[in-house]
Amino acid sequence: MVSFADIWTPVSLTLTLAAINTLILLVFGTPIGWWLARSGSRYRELVGAVVSMPLVLPPTVLGFYLLIALGPNGPGGWVASFWGGRTLAFSFTGLVIGSFFYSLPFMVQPLRNGFAAIGNDPLEVASSLGASDWQRFWRVALPLARPGYITGAVMTFAHTVGEFGVVLMIGGNIPGQTKVIAIALYDYVERLQWGEAHVIALGMVIFAFVVIAVTLGIDRRVNLPMP
């Protein structure tokens, strides 16, 4: 018999992780996306390539290096020592850090496209009217880049929900702490608990469909011809 109480724990943990990761990436992804879209630096595409690496890098490779970095002998161990710990790996904090790096391009690329689509004219008009750099960003660029923010938030949240390789490498399978929904599905299949596995798998299929529909809807609305 399917135990919804057991299923809800990894689901709630996953949703919490996805929400926190999305909010963090909205904050840190904004200056990165803005710089990549507006900077004339010769290092811009190099930075863009580094940001985009998780798109092509195997999750286990990224997870392996994050595991070393978060472990006792890495920077994560040094940070954990401040509150008496030995490592940031195999903890919810470690999952947040890993999710940040793994989902970075899913936030930055839509923001970069959104800022690039604005063009120079609206910002130059605002500047000619006496707007400061901050005013141009908050009152002109930010509202015009809203589709990029919506797409980035949706894609980041969805990508975090579906993470498996990275979170397994750096978080393991600790119930209530690091056992997210993708790992729970794998665990149920290994234990031949098909009922629970079907519930989670079907839920993720529905979730994926909703995410794709929302993303396509945003894209269609943005690209509608002006009347």
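Quick notes on the rules
- Residues numbered from 1 in each chain as written.
- Predicted model: local features only at pLDDT ≥ 70, side-chain atom pairs only at ≥ 80, totals over all residues.
- Heavy atoms only, no water.
- Phe/Tyr/Trp six-rings, centres within 6.5 Å; stacked < 30°, edge-to-face > 60°.
- Helix = DSSP H or I, 4+ residues; strand = E, 2+ residues; numbered from the N terminus.
- Buried < 20%, exposed > 50% of the residue type's maximum accessible area, 1.4 Å probe, protein only.
- Contact = heavy atoms within 4.5 Å.
- Expected span 1.5 Å × (residues − 1).
- Bend = angle between axes of the 7 residues up to and from the residue.

Caption draft 1: Focus on the packing of aromatic side chains. The tally for this structure, following the rule as stated, stands at 12 aromatic pairs. Ring geometry for F115 and Y149: centres 6.0 Å apart, planes at 85 degrees, overall edge-to-face. With F115 in helix α5 (residues 92-118) and Y149 in helix α8 (residues 146-161), this pair connects stretches of sequence that are 34 residues apart. For the residue pair F115 and Y149, the accessibility class agrees, reading buried in each case. Residues W134 and W138 carry aromatic rings whose centres are separated by 6.3 Å and whose planes lie at 15 degrees to one another, so their mutual orientation is stacked. With W134 and W138 both in helix α7 (residues 133-144) and four residues apart, this pair spans about one turn of that helix. Of the residues examined, W134 reaches a relative accessible area of 62% and is grouped as exposed. Among the aromatic residues, ring-to-ring pairing joins W34, F115, W134, F137, W138 and Y149 into one connected group.

Caption draft 2: Focus on the side chain of S99. Mapped onto the fold, S99 is located in helix α5. We classify S99 as buried; its relative accessible area is 0%. With sequence-adjacent residues up to four places away left out, S99 is seen in contact with L17, N21, T160, E163 and V167.

Caption draft 3: Inspection of helix α1 (residues 4-38) at higher detail. Look at α1: 48 Å from first C-alpha to last across 35 residues, which is about the 51 Å you get at 1.5 Å a residue. A maximum bend of about 40 degrees is found in α1 at G29, where proline P31 lies one to four positions downstream.

Caption draft 4: Unusual backbone geometry, seen in detail. In this structure, F90 takes a positive phi of about 60 degrees despite not being glycine. Tracing the backbone shows F90 in the loop between α4 (75-80) and α5. A residue is classified by how much of its surface remains accessible, and F90, at 42% relative accessible area, is partly exposed. Its identity as a non-glycine residue notwithstanding, L192 has a phi of 60 degrees, on the positive side.

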